[in-house]
Amino acid sequence: MMFQDFTMAHVYYMLNGLLWTIGLALIALTGGSIAGSVLALMAVSRNKLARRIAKLYIFVVQGTPLLVTLFIAYFGANYVGVDVPPLVAISIAFSFYAAAFLGEIWRGSINSVPMGQSEGSHALGLSRVDSMRFIIIPQAVKIATPPTVGFFVMLIKNTSLASVVSITELTRTSQIVSNATFKPLQVYLLAALFYFLVCFPLTIVSRRLEKRLHKS
Amino acid sequence: MTSSQQEATPIIRANKMNKFFGVFHALKDIDLTVARGETVVLCGPSGSGKSTLIRCLNALENHQKGELEVAGVQLTGKRREIDMVRRKTGMVFQSFNLFPHMTVLENCMIAQMRVKKTSKEDARKVAERFLARVHIPEQAGKYPAQLSGGQQQRVAIARALCMSPEVMLFDEPTSALDPEMVREVLETMVELAREGSTMICVTHEMNFARKVANKVVFMDQGSILEIAKPDDFFTNPQHERAKEFLAQILH
Amino acid sequence: MTSSQQEATPIIRANKMNKFFGVFHALKDIDLTVARGETVVLCGPSGSGKSTLIRCLNALENHQKGELEVAGVQLTGKRREIDMVRRKTGMVFQSFNLFPHMTVLENCMIAQMRVKKTSKEDARKVAERFLARVHIPEQAGKYPAQLSGGQQQRVAIARALCMSPEVMLFDEPTSALDPEMVREVLETMVELAREGSTMICVTHEMNFARKVANKVVFMDQGSILEIAKPDDFFTNPQHERAKEFLAQILH
Amino acid sequence: MNYLDFGGVFSRMDLLISGAILTMQISLVAMLFALVVATLVAVMQLSSFRVVRFIAVAYIEAIRNTPFIVQLFVIYFGLPAIGLSLEPLPSAVLAMTFYGGAYTSEIIRAGIQSIDRGQVEAGRSLGMSPLDIFRYIIIKPALAAVFPSMVSQFILLLLSSSVVSAISVPELTGIGNDIQGMTLRNMEVYLVIAAMYVGLVALLKGGLTLLERKVFPFKFLRG
Amino acid sequence: QTTDESLQKIIQRGKLIVGISLSTPPYGMTDANMKPAGFDVAMAKLISRDMGVELEIVDQVSQARIPNLTSGKVDILISSFGVTAERAKTVMYTNSIYVDEQMILAPAQSDMESLKDLVGKRVGVTRSTTNDTLITERAVEGTIIQRFEDDAATNQALFTGKVDAIVSGVAAAIAISKHTDKFDRKFAVRQSPMAIGVRHGEFNLRQWLNTDLLMLWNSGELQAAQKEWLGVVNEELPRF
Ligand SMILES: Nc1ncnc2c1ncn2[C@@H]1O[C@H](COP(=O)(O)OP(=O)(O)OP(=O)(O)O)[C@@H](O)[C@H]1O
Ligand SMILES: Nc1ncnc2c1ncn2[C@@H]1O[C@H](COP(=O)(O)OP(=O)(O)OP(=O)(O)O)[C@@H](O)[C@H]1O
Ligand SMILES: [Mg+2]
Ligand SMILES: [Mg+2]
């Protein structure tokens, strides 16, 4: 009774996990992008304090494993008497984590746009915000796209850590199935295929985008 | 009365202005007054501080000592002052600084739409007018990378003109042009001068200076050595260094 | 006998050469012969194809129709030919194109060491000699970003000279220089010309043309309209378009 | 009832330190190899041969879009099927190399593409071969341009090393989990290893920043 | 213990929340319909029935089971939870629900009779389980211990020859040797009791659980669950 065969029931179970993974990915990407933009703007702002804070934040959070961040968000709050539901913990932890990496990637890309460009726009009287929005960021996008998409894909795969807060997403379902069937290689290869199906469209979009950007 | 008073108010007034890059003393005790409608030519050897001076006038660099007033705004480093000065001045860079991700037309429209809140159609009309004026109306749809150096320089000029600034600052605007284009661009500038725009122009086109400049400013090693009417300057420079310099240009 | 024969062999020979960018016809039926040791000045209005022609001579662009022979190599698009031509020609770009990650000295040494397999010490000596010749021996240790435009241009010239090419190609080598520097760079070029280097130079420095050019080539809209001795060209241009052009330059 | 007690963790600090050292070692080796793989693949991607480009893209997408743990399992458990059985440590380094290489190659490609065409033309006009142009003119400024992104990627690689404890490599997270098993002090263990990871990242980042100043001095000149 | 309302709170809520890892067969797993199953699940069902409340099972990974308990995300842990003195500093245990026997499992042809025979051999074990604690404690110097993240990986390491032997609970060992005759149970290392985990201080809840365990033992239901899922029935269970 113990070694079940690897059947369609298992595949459906994993598909159910896949749905969770997609949902988590959406949360992580949205939260991460918003928080990351805020941090990148802080990191390139003229305010020294904002820059310092951003730098320190990036330094600490980049170095902390996501699992630990998630652990602190979910269980840590209980130590101070607040009960945080799993999805809230996930949103917080992933946003904080992604903010650090995206903030750093985007800061580097913004700084790689030649000085002359911001001078050119300032000389025309464009405000700092306009100069960012219309001149600097469109050019920074070109160099930022590959590492950003790379990180997005990583983030999607990292949603597997949600099993720590008892969400049975794709990786957890694979673990359960693999332990029930004792066929880890087959199960994990199927999981890999599922992850591929979720992540790959993102890379296709990015390659398209890059091609378009390179035309100009 | 009012009009003569307005003319009497200088649009640029620098008073013992100094600029340092770290320890390097780039501008030394600059005194300069430019009246509304005047055309001033700035010349001097490489590294003498011409670009630095003109960048201070546009608040792209902060000066450290002395006073600087541009278009009625005293520049002390405050954000609001800087914004105001930048709106009232236009700048054409030695290295163009066109926006590579925008077409020529968009390069000329963006600041109108964002800063002056001109409608898209109006901005396009203005842009097309000035592109025609610098003789490249047919390049409007191209990207800067698709243009020759000369064409790029003209886009940069058109872009600044579109903002109809009170003072136009030119940093060697014709250095990348061939002689015919130099003439055409200079003619555009002469027209501007005749229309009463105030212009400060770093250039070594002495014919331009002779024709329209109200005064020539000669710089060396961060100092203004001589300010004179063009005729006086060319026929009878006072300063030793200026004599040498002119000897070289005029062969 | 042999020496006169060698002189008689043209180092560049273009025969009904044509160049297209997509549908745009950039060079039209170019016929041009340059003898060893000659100095040729190329002039004409913006967009007339001067840069394109000079880039074809260096095999940076392929021509599509007609023949082109440079330094004894017939260019038909083959890799080996292209390599050979590039070794025998040196190029100075309008926009310098220095290597930003190398010091001035390294900029001048790298090609010697990689292409000519010169030893490091010898390469350094050669580089230092040519840097001295363009009057910037003291800048050897700096990076391009630390130099003025004028200094950068001189590094670009020295870098090309270090390869002791049979033909030197210059694309507006003095456009970024101030008048004093223009003179010094042109003097270097005059020396080169006098030593018997073959030079083709896009420039509008008419004094340079008058002084050293063996012939002036005038281009417009992708065609060569006139080839003449400088004196003839300046005093008595044949072509209507050339007359107009000269009228503008010479005022 | 919910109090933090670090006693059980601190008394096993020597284990954690040995784990941290191993983490740093495998990460550094993997980074070095990954850089080589990444550069090679980036060049392959820009090749004019369709097949070469396809191989490069297929590699990148296969690796980037699947979980690292699966790659690790395939190398450790799967390769014996074709007669190649590797010990845990080499398996881990190999997996990290391929994993890091795929991400880094995309970054390097962006760097190469950001180099001005004029640079290549200058090299050509001096008669340099395409290989020399790549080696001496393109790659250094390209790496310089994307160095910050690369540092982030390397940090991610270091953090992803925590997964290799799954195949019994005793790196920092693995040791941490051992200690949790013994003491059940999860939060305490995590706080301590988080601090240690921050320390490792600080070391890595500091080292790479120094390296950047040394290898790319031209980046730090006035504009 | 008048202030301890741990039991009342659960009864008032009408629901018992139990942390179980569903990836540790035969204790926690899923059946063919992907419903929770296994010995731990069976115990949870019996206990909630006797308490008269609904049952909610929270699946959890091994790193999260203690924080789940101590931070109050679950009421109790029934999660193949081995008893050790060190762990008891952090949680309270009920009386034992099963006594496992740790076995050495190795390829049939290999010759192993005692821990001494493991010297120089690679021994696989699932990280931070009682199996791990045990072998770490008992192994003779020179034994190479390799720790994997879960049972599937540990078993896989044995199947692919990455290790020479593994440490396994008896139930899992039985299942494996049923599955294939390539591997044999070599020898038992030690018996180790398993129990239910309760938060420190919740004595009322623990007392009730102990009472219920006694009742389940007396009725034979506990033994039946052991028989069904583990294939082994304990003669008696340690009480403390
Ligand atoms: N950001 C800076 N940091 C340090 N030194 C600078 C900076 N900008 C300019 N300089 C120095 O200040 C001096 C004046 O430079 P500037 O660009 O104003 O000269 P210029 O007169 O415009 O020369 P050119 O005719 O070559 O353009 C030069 O010696 C230059 O090296
Ligand atoms: N890569 C290209 N694609 C399409 N058109 C091009 C390209 N390069 C040059 N052209 C066009 O070919 C013509 C000749 O250009 P070229 O750069 O040779 O002119 P030029 O005589 O050097 O002008 P200038 O004096 O402004 O440098 C121009 O109309 C230009 O727009
Ligand atoms: Mg200047
Ligand atoms: Mg040109």
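On a predicted model such as this, the values are computed, not experimentally measured, just so you know.

S.K.: Could you give me a rundown of the overall build of chain D, with the residues and numbers involved?
M.R.: Secondary structure summary: chain D contains nine helices and zero strands in total. Beginning at the N terminus, the succession of helices and strands in chain D can be written as α-α-α-α-α-α-α-α-α. When the backbone C-alpha atoms are referred to their principal axes, chain D occupies close to 75 × 50 × 25 Å. When the 223 residues of chain D are sorted by exposure, 61% land in the buried category. Long-range pairs, those at least 24 residues apart, make up 76% of the contacts in chain D with a sequence separation of at least 6. In the form shown here, chain D has an accessible surface area of approximately 8400 Å², with 71% of it arising from carbon and sulfur atoms.

S.K.: Please set out the site of ligand 2 residue by residue, giving values where relevant.
M.R.: The immediate surroundings of ligand 2 are formed by 14 residues, with Ser 46, Gly 47, Lys 50, Ser 51 and Thr 52 of chain C found nearest. In this structure ligand 2 sits where residues from chains B and C come together. At 2.8 Å from an oxygen atom of ligand 2 is found a main-chain nitrogen or oxygen belonging to Gly 47 of chain C. One of the side-chain N or O atoms of Thr 52 of chain C is found 2.5 Å from an oxygen atom in ligand 2.

S.K.: Please give an account of the side chain of Arg 86 of chain C that cites residues and values.
M.R.: Note on placement: Arg 86 of chain C falls in helix H3 (residues 79-88). No salt bridge is formed by the buried Arg 86 of chain C, whose closest oppositely charged neighbour, Asp 83 of chain C, lies at an N-O distance of 4.7 Å. With residues near it in sequence (within four places) discarded, Arg 86 of chain C still touches Asn 58, Ala 59, Leu 60 and Arg 79 of chain C together with Arg 124, Ser 125, Leu 126 and Gly 127 of chain D.

S.K.: Quick one: what's the story with the sheet that holds strand S9 (residues 215-220) of chain B, residue by residue and with numbers?
M.R.: Residue and element names in this part refer to chain B. The strand order S6-S7-S8-S3-S9-S10 describes an open sheet built from six strands, whose pairing is mixed. Because the sheet does not close on itself, it has two edges, and the strands there are strand S6 (89-92) and strand S10 (223-228). Adjacent strand axes in the sheet meet at a mean angle of 15 degrees when their direction is disregarded. Judged from the five bridges that link them, S9 and S10 form a sheet pairing that is antiparallel. Residue pairing in the sheet places Val 216 in a bridge with Ala 228 of S10.

S.K.: Can you explain the sheet that holds strand S5 (residues 73-74) of chain B? Please cite residues and give values.
M.R.: Residues and elements named next belong to chain B. An order of S2-S1-S4-S5 is seen for the four strands of this open sheet, with the pairing classed as antiparallel. At either margin of the open sheet sits one strand with a lone partner, and together these are strand S2 (24-35) and S5. In terms of strand pairing, strand S1 (residues 10-21) meets S2 through eight bridges, oriented antiparallel. From the neighbouring strand, Met 17 faces S2, where its bridge partner is Ile 30. In this fold helix H2 (residues 50-57) packs onto S1, S2 and strand S4 (65-70), with an angle of close to 120 degrees to the strand it touches most, S1.

S.K.: Hey, could you go over the side chain of Thr 39 of chain B for me, with residue numbers and the actual values?
M.R.: All names here are of chain B. Structurally, Thr 39 can be placed in strand S3 (residues 39-43). The class of Thr 39 is buried, set by a relative accessible area of 1%. Leave out the neighbours within four places in its chain, and Thr 39 touches Ala 193, Met 199, Val 212, Ala 213, Asn 214 and Lys 215.

The rules behind the values
- Residues numbered from 1 in each chain as written.
- Chains lettered and ligands numbered in written order.
- Predicted model: local features only at pLDDT ≥ 70, side-chain atom pairs only at ≥ 80, totals over all residues.
- Heavy atoms only, no water.
- Helix = DSSP H or I, 4+ residues; strand = E, 2+ residues; numbered from the N terminus.
- Buried < 20%, exposed > 50% of the residue type's maximum accessible area, 1.4 Å probe, protein only.
- Contact = heavy atoms within 4.5 Å.
- Areas by Shrake-Rupley, 256 points an atom, 1.4 Å probe, with all protein chains shown as cover.
- Near = heavy atom within 4 Å.
- Polar contact = N/O pair within 3.5 Å; in protein donor to acceptor, adjacent residues only side chain to side chain.
- Lys, Arg positive; Asp, Glu negative; His and termini not counted.
- Salt bridge = Lys/Arg side-chain N within 4 Å of Asp/Glu carboxyl O.
- Pairing = 2+ DSSP bridges.
- Axes fitted to C-alpha atoms, helices over the stretch in contact; angles between N-to-C directions.

Taken by themselves, the reported measurements are silent on function.
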